[in-house]
Structures are given as structure tokens and as C-alpha cells.
Amino acid sequence: MNNKLILSLGLATVVSMTGCTTIADMAGADSATLNASAATSFTKMKQDAQQKGQLDTTSSTYRRINAVLSRMQPYADQANQTGQAFQWQLAVLKSDEVNAYVAPGGKVVFYTGIVNKLNLTDAEIAAVMGHEMTHALEEHSKNKLGAQALTNLAVSVGKSYVGDAAGGLGSAALDLGSQVGVGLPYSRSLESRADYGGLMLMAKAGYNPQAALTLWEKMNKLEGAGGPAFLSTHPSNSQRIDAMRRNLPAAMAIYNSRR
């Protein structure tokens, strides 16, 4: 790889690691706007699910998830440093999909599959909830928007600098470098931060943080080894479990202080 191409890839990496939230704000993706957009999408999603008979509001699974949310919400509100009050709402969707997320502003979505297929305990539901809450509380969606805008800018500048001499291969290398060298590791970093924050949130709410380990052990059994972590947007399950074990003493100290 020639020096110009290396320099351009380096530029994409450095620029994308700085000022992501500020760039998102400048692009109109400020916290209030993102939260309002998420609220609109959440309402529409619930309406669509209701019409299709896919919205669960009465089952024991729904009641358990809602109880965990209610118990964790005060601690999530205490951790909120976004400058915007979250309006927490829950939608439980009847689906075999193993998934859950919290959209900006506190819009919580759980699929029944994640609880039923993994046979989750309430503490394991709290581990999922805390992880997804942390994504929203730390505005990871906003950070990713800012990072993507910066990456696109850096790659565009890099392509102009490389010029025609490198040809199509140089352009393709920049595209790949921006994804593998910038985008994916950043996403894995956000997932690791959400794992840590989730441990602390569930501990504060009185859920045993050790349940986060059993959650990912169940994920391992369901999904297998998890594939190579380097090209994944998430840490592999084994890496997750190792990191959680390292963070567990701090979380257990919080949990034990509240018993």
C-alpha cells in the first residue's frame, strides 16, 4: 500500500475518533430532535404491531419485562446526563426473534423470543434492559451518526488525495479501511460500554449482576461460538463474558450495598 493511501486511511481513523457528538449536533441530529424522531417512529411501530396482532400487553412475559423496566427506570433517570428527560415507554412484540433495544429518549422494545427462547430470569431480563438502556443514556445512536458523517468526509478527502494513480483498488481499499479500521471497532467499543453500564444499572436496581454472565452463556448455547470478533460489530460472546467477569467485583459491591 503506498504512503498516500496509508495517510488517507489514517486520516479516516483519526477524524472519526474525535468530535462525533458535536458533528451529529451540527448535522441536525441533536438530542431533542433524535428523541422526537424516535418517539414518532415508536408510536407508529406500536400502531402497526397492534393492527397485526403482534403487540403483547397482557401476557406474563409482558408483565415481567414491564416490572423490570419500572424497577430500573429511577436509576436510569439518575444516570441520564443527556440534558433531555427521557419519556420511558415499553413495547413488547410477539416474535420468535431474539432481540431487544432502547431507542433514543427511552423507547424500550423487547421481542418475546429473547425471553422465551432463552428462558430468561428476571435478573437476566434486567441484564438485557440495562445494556440497552446504556446505549440510549450514552446516546450511542448519536455518536454513531457523528462518527459516520466524519468517516464519510475523511474517506472522500482521502479518495481525492489518492487520485487516479491508485485506481479503483485504492478507492476500494479506502472504503474497506473506513469500515474495518474505523466503523466496526467503534461499534464494538459502544457495545462494551453498554455491557459495563448495564452491569452497574442492574446492580443499582437490586438485580444480581452475575445474571449477565448466565445471559451470555445462554446466548453462546443458542448462537454457538459467535464467529470471529474482528469483523463483528459486537464483541464475541466469550469476550463479553471475560470482560464482565473483570467488571463483576465493582458491580457486586454496588449490588451488595443495596441488599
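Given the structure is predicted, the values throughout are model-derived calculations rather than measurements.

S.K.: Could you give an account of unusual backbone geometry, with specific residues and numbers?
M.R.: Notably, Asn 119 is not glycine yet its phi reads approximately 50 degrees, a positive angle. One non-glycine residue with positive phi stands out, namely Glu 139, at about 55 degrees. One can find Glu 139 in the loop between helix 6 (122-137) and helix 7 (140-162).

S.K.: Requested: an account of the sheet that holds strand 3 (residues 100-103), with residues and values cited.
M.R.: Spatially, 1-2-4-3 is the arrangement adopted by the four strands of the open sheet, whose pairing is mixed. Single-partner strands in this sheet number two, and they are strand 1 (55-56) and strand 3. Of the strand pairs in this sheet, strand 1 and strand 2 (residues 89-93) are connected by two bridges, and their pairing is antiparallel. Looking across to strand 2, one finds that Leu 55 is bridged to Leu 93. Across the sheet, helix 3 (residues 31-51) is in contact with strand 1, strand 2, strand 3 and strand 4 (107-111); its angle to strand 2 comes to roughly 35 degrees. Running at roughly 155 degrees to strand 2, helix 4 (residues 60-79) makes contact with strand 1, strand 2 and strand 4 of the sheet.

The rules behind the values
- Residues numbered from 1 in each chain as written.
- Predicted model: local features only at pLDDT ≥ 70, side-chain atom pairs only at ≥ 80, totals over all residues.
- Heavy atoms only, no water.
- Helix = DSSP H or I, 4+ residues; strand = E, 2+ residues; numbered from the N terminus.
- Pairing = 2+ DSSP bridges.
- Contact = heavy atoms within 4.5 Å.
- Axes fitted to C-alpha atoms, helices over the stretch in contact; angles between N-to-C directions.

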